[in-house]
Structure formats: structure tokens, C-alpha cells
Amino acid sequence: MKNNITYIASLLLGGMIGFSSCTDSFESYNTNEAGFNNESKKQDFNYYTIPLSIVQQGVYFNYDWGSGKNWTFQTMQNLGSDLFAGYVHDFNPFNDGKNNSTYYMMDGWNGSSWDNTYGYIMPEVQKSEQINENINWGFYGITKILKVELMHRISDLYGPIVYTQFGSKTGSKPDTQQEAYTAFFKDLDEGIDKIRKFVADNPGMENFTSFDVFMPEGKKNYAQWIKFANSLRLRLAVRLSVVAPKTAAAEIEKAMNPDAGGLLEANNDIVAVSTALGFTNPFGEINKGWGEVFLNANLESYMKGYEDPRLEKYFEKAEGIKDETSVIAYAGTYKGIRPGTGFSHKNYAKHSKSTISQTTSAVLMTPAEIWFLRAEAALREFTTEDPKDCYEKGVRASFAQWGADGADKFLASDNVPADYKDAFNAEYNVKAAGTITPKWDEGAEPAVKLERIITQKWLAMFPEGCEAWTEQRRTGFPKLFEVMVNQSGGTVDSKIGPRRLNFFVSIKTTNPEQYQQLLDALGGADNCGTRLWWDTGRNF
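Please read all numbers here as calculations on a predicted model, not as lab measurements. Throughout this description, residue numbers start from 1 for each chain and increase along the sequence as written. Where totals are concerned, whole chains, interfaces and linings use all residues; where local detail is concerned, this predicted model gives features only for residues with pLDDT of at least 70, and gives and counts side-chain atom pairs only at 80 or more. Hydrogens are left out, water is left out, and the side-chain values use all remaining heavy atoms of the structure.

Digging into the side chain of serine 301
Put simply, the rule reads: Every helix listed is a DSSP run of H or I at least four residues long, and every strand listed is a run of E at least two residues long, numbered separately from the N terminus. We call two residues in contact when some of their heavy atoms are within 4.5 Å.
Considering the arrangement of structural elements, one finds serine 301 in helix H12 (residues 297–306). Beyond its immediate chain neighbours, meaning those up to four positions away, serine 301 contacts Pro417, Ala418, Ala432 and Phe481.

What follows is the structure, encoded as C-alpha cells:
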């Protein structure tokens, strides 16, 4: 973490946690039926879209409320989900090696997603709902879709969340994760329905285009937002395939219905927070500006073993340090850091850094992910598609996204992940955790096919660690290295790793009643070893 930054504890939590104050000062707005009358068409749409601009920046969090940018993302995601997903590591031995890497869970880091999302972004969601519900159904529909994208990430980190009762003057009772997911699907229904009605009443009016920082150029339109909503539904539905198969089946069918509006499947159907209109990629700033994003040994093991052409797109080769004492020659190679060793030195400072820069758009969903979701849905017989065909389309879509050659050769490969060798300490060496190959095996058991699908999905979703870590926890794939040093006090199993993040510590003192409600909804201890609702411990 940047040396001159101290984690700022909750600024708003004490006054925000009951959420009743969030609705007290809203203005009253004139309402009409769907669509715009002639006078409304002349209005400055900024009034209606400023909250949506904040929300778009707040999903992949880099919203500046006056205390600076980037460091919030580092505590919210980079030192949590991105690390636990097996993507990246930092060369700094924070807290003398006692930190999230060794499961000595840093409460300030782990609670920051909760704190910042509820403190700054969810109030803007509510504001957008208030001002657009009866003024502009198009903006209102987009609000609902963004709300689901924002808050399913929070639920998948913590479990129960305050969602359906957020901002209620009569209380803010948390939803269980099952209740939250039910509400997510309902909000997607409403969002799509409102967009369809707006488009029907205002044909040809694409009034969100200039405010849209999520959709690709040439596709900043309401039709693309419906594709995103359908794809988001598919993501959430597949997540429930084991814990709630009937719900999963119904929602998968709805997402893939030919009349639903389609899914993200073209190579440029990438949903990302664009840097073209002032957004700065916080991952890129932490990487290029601060020099604190390095290759994780797990990703090194898979990508080097596979001879994956995307590795050079993701990371730079290690520089090495002059006159260093190392046990292997690693300069000029792709070299990562093994998490969970408890190292207390800075010898890894010239290992492989990410290629992601401040101007790289922050990717949230890709056609590759959707093809892998379709592969899993087909494998589980929710659809009649061919799992192999969807799987291979997913790999090809990822290669196309990164401009990498050799997808056909990669799909024919029997290569396996490589063993990891530490550059400075042979005691940190470890055998590859997985043995799965890129080449599809039609005769393999369903669980093996699932491992192949999820492993390639994990490779394709880089650097979006939130979704990657969620899917790794849900399925157990890809197989990741166990930590050498486990400082969790027995709450986290070294074999399977953390299952969630703990709630923000201030809730215990600022709102003990709601904290108890969250614990009741969680159904377990508030530590990082408690499984979430969809985390059943079964792979198939």
C-alpha cells in the first residue's frame, strides 16, 4: 500500500447504518407516465444521470468523495479478492508479513467494500431510483441493472446485505443472501421491463448514450443494456445451480430465451468502466503509479505451464535486481510471488508487474465469461447446447479480447500447470496444484469437465478478481496453492482458503442491533471461514 496512506475508518457508518437518513432530504419530483413530453425533451439530462455516473464509477470503485482515489480500491479489492483469486500479490510485507496473504485478516481492508459502497454508492442508487422512477423509465431501468451489478458483488463478499430495505424509514433489516438473490432477479425483471416500455414509447431515443461509460463504442444503447441484464442473470443463475437448481433452471431459461434480447457474445460485447471520460483505472494506478501489483504464483503456475500466449498480455517479464542473492536465475522470465509464506523482505520488488495501466478500461463482464457460463449450464443439462462448443468459444473469445494468437493450438494442448519455484527461498517451492489441461476430453467425468471450464474461465476473467474469487469458492476450481503460514487462529482452512470477508468492525459498536441481524442472516460466525449460502462445498 502507498506509504503515505493511512486507512480511513468509516466516515458515514454511524449515521448511515440505519439508512433512514438517506431518504429524509430527497426532493419531490413531478411525475408523469412513461416517456417524455415535449418540455421534458428539452431538459438537461445531467440532472437525472449524475447519480448514475457515480454508480458506474462505484462498481469498480474509484469514486472520489474528497479523500482521494485508488487507495480505496486497493483495500476494497486488490488486497482481498484479487489476492484470494490467485491473480496478484504485493511485494510489500505489510504488517511484517502478517496480513490477508497469511489469513491474518485485516479488518480495515476487509470491511472497506461494505463501508464505501453503503456510504457513497448505494445512496446514489436510491437517489436515481427516486428521481427517475416516473420521469424516465429508461434511466430507471439502467439504475436497476446497475444496482444488481453493484450489490451482488457485495453479497458475494459478505453474504447477507441490506438491499430490499435500504433507506427505509421504518428500518433497514438485512436480507439473507438467498433473499438478496431473489431480489436481484426481480430487479433485473423490472429493469428490463422499464427499458422495453421506454423504448416502445420513445422509439429511436438513445438519451443515455453520452453518459454511458459501461458499454462499448457503437453499442451504447438500450438494447445493449438488456443484453447485459440477461448476461448478469445468467451469471447469477449458474451460481445457484447446486444450492437452488430449480431457481437456476428458471432463470437460465429466461436469460437464454430467444425473445429475451440476447446475451453478450460478440467479441466486442465487453462491459467495462471506460477511461475515455475521466475514469482512472485504480488497478492501473496501483500498478503503474505505485508499483504494487505483481504476478501471483498461482497464475504463473497455470499460464507458464500452459505456455499461454496471454501471459505477455497480462504481465511484464521480471527485471531482476542487481547483485541480488537468488537461488534461480529469473530476470527476463515471468516470475510471481507465492501467497501465504509470511515473507518480511522486499526482494520481490523486480518480479513481474501487471501490464494494466491507468487508461485501461476496468473490465466487468466479457463474452468469454458468458460462453463459459453457457458451457457450465449445458454441462449441468440446464440447456441443450454443447458444452465443448461453448467452452472453446469462451477460450477463443478471451484470446480475441487480448489480441493473442494461437487459440487453436492452445485448445489442442495437453500441457499441465507448472511447479512453482521461488526466486529466493527454495522452502517456498511447491508442486502444481492442478493437473487439468486446456484440451477438452469428451470422456471425462462431469467434475473434470467442470474443472476445465472454470479454470479457463478464471484465466479469461483476469484481472477482475471479485468474480474470479467468487467462482473459485463456489466450484473449488482452479485448484490453488495452500498457504504455508496460516495466521487465522483456526478460522480459515488452509486447504480451501477464505470463504467470505468479515463485516466492517464499526458496525458492532455503531449499530449492534443491525450487526446481530446480519449475524442471524449469515447463520454462522462473522469470520472469513464461514461459508456463504451458494458455497455448498460441492463441485458438481
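Digging into the nonpolar core
Heads up, the condition is: For the purposes of this section, nonpolar cores are sets of buried Ala, Val, Leu, Ile, Met, Phe, Trp, Tyr and Cys residues that join through side-chain atoms within 4.5 Å. When accessible area is computed with a 1.4 Å probe and restricted to protein chains, residues below 20% of their type maximum are described as buried, those above 50% as exposed, and intermediate ones as partly exposed.
Of all hydrophobic cores here, the largest spans 137 residues; its most connected members are Trp114, Phe214, Trp225 and Leu299. Per element, the largest residue contribution to this core is eleven residues, and it comes from helix H7 (residues 137–158). By size, the runner-up hydrophobic cluster in this structure holds ten residues, among which are Tyr330, Ile337, Phe343 and Tyr428.

Regarding the pattern of salt bridges
Note that side chains of opposite charge can pair when their charged atoms are close. The following threshold applies: Salt bridges are identified by distance alone: a Lys or Arg side-chain nitrogen within 4 Å of an Asp or Glu carboxyl oxygen.
Tallying each qualifying case throughout the model produces 38 salt bridges. When the shortest N-O distance is used, the salt bridge between lysine 304 and glutamate 300 registers 3.5 Å. Here lysine 304 and its partner glutamate 300 are both found in helix H12, four residues apart, which amounts to about one turn of the helix. For arginine 474, the salt bridge goes to glutamate 376, with nearest N and O atoms at 2.7 Å.

Focus: the packing of helix H3 (residues 71–78) against helix H11 (residues 282–289)
As a reminder, the rule being used: Here, axes are lines fitted to C-alpha atoms. For helices the fit covers the stretch in contact, and angles between N-to-C directions go from 0 to 180 degrees. Orientation categories follow fixed angle ranges, with anything under 35 degrees roughly parallel, anything over 145 roughly antiparallel, 65 to 115 roughly perpendicular, and all other angles oblique. Here the term charged refers only to Asp, Glu, Lys and Arg, the term nonpolar to Ala, Val, Leu, Ile, Met, Phe, Trp, Tyr, Cys and Pro, and the term polar to all other amino acids, Gly among them.
Axis separation between H3 and H11 bottoms out at 9 Å; the angle between their running directions is 105°. On the basis of the axis angle, H3 is roughly perpendicular to H11. Taking contact as the criterion, the partners of Phe73, Gln74 and Asn78 in H3 are, on H11, Pro282, Phe283 and Ile286. Considering only residue class, the contact of H3 with H11 consists of four nonpolar, two polar and no charged.

Quick look at the confidence of the model for the protein chain
Here is the rule: pLDDT expresses how confident the predictor is about each individual residue, on a scale running from 0 to 100.
Of the residues in the protein chain, 91% reach a pLDDT of 70 or more, and the chain-wide mean stands at 91. A low-confidence stretch, residues 2–42 stays under pLDDT 50, and its non-local contacts, those more than four residues away or across chains, total 88 contacts.

Here we look at the packing of helix H14 (residues 367–379) against helix H15 (residues 387–402)
Selection rule: Each crossing gets its handedness from the near helix: less than a right angle anticlockwise from the far helix is left-handed, clockwise is right-handed.
The interhelical angle for the contact between H14 and H15, taken along N-to-C directions, is 165°, at an axis separation of 8 Å. Comparing the axis directions of H14 and H15 gives the class roughly antiparallel. When you trace H14 past H15, the crossing you get is left-handed. Where H14 abuts H15, its residues Pro367, Ala368, Trp371, Phe372, Arg374, Ala375, Ala378 and Leu379 lie against Pro387, Cys390, Tyr391, Lys393, Gly394, Val395, Ala397 and Ser398.

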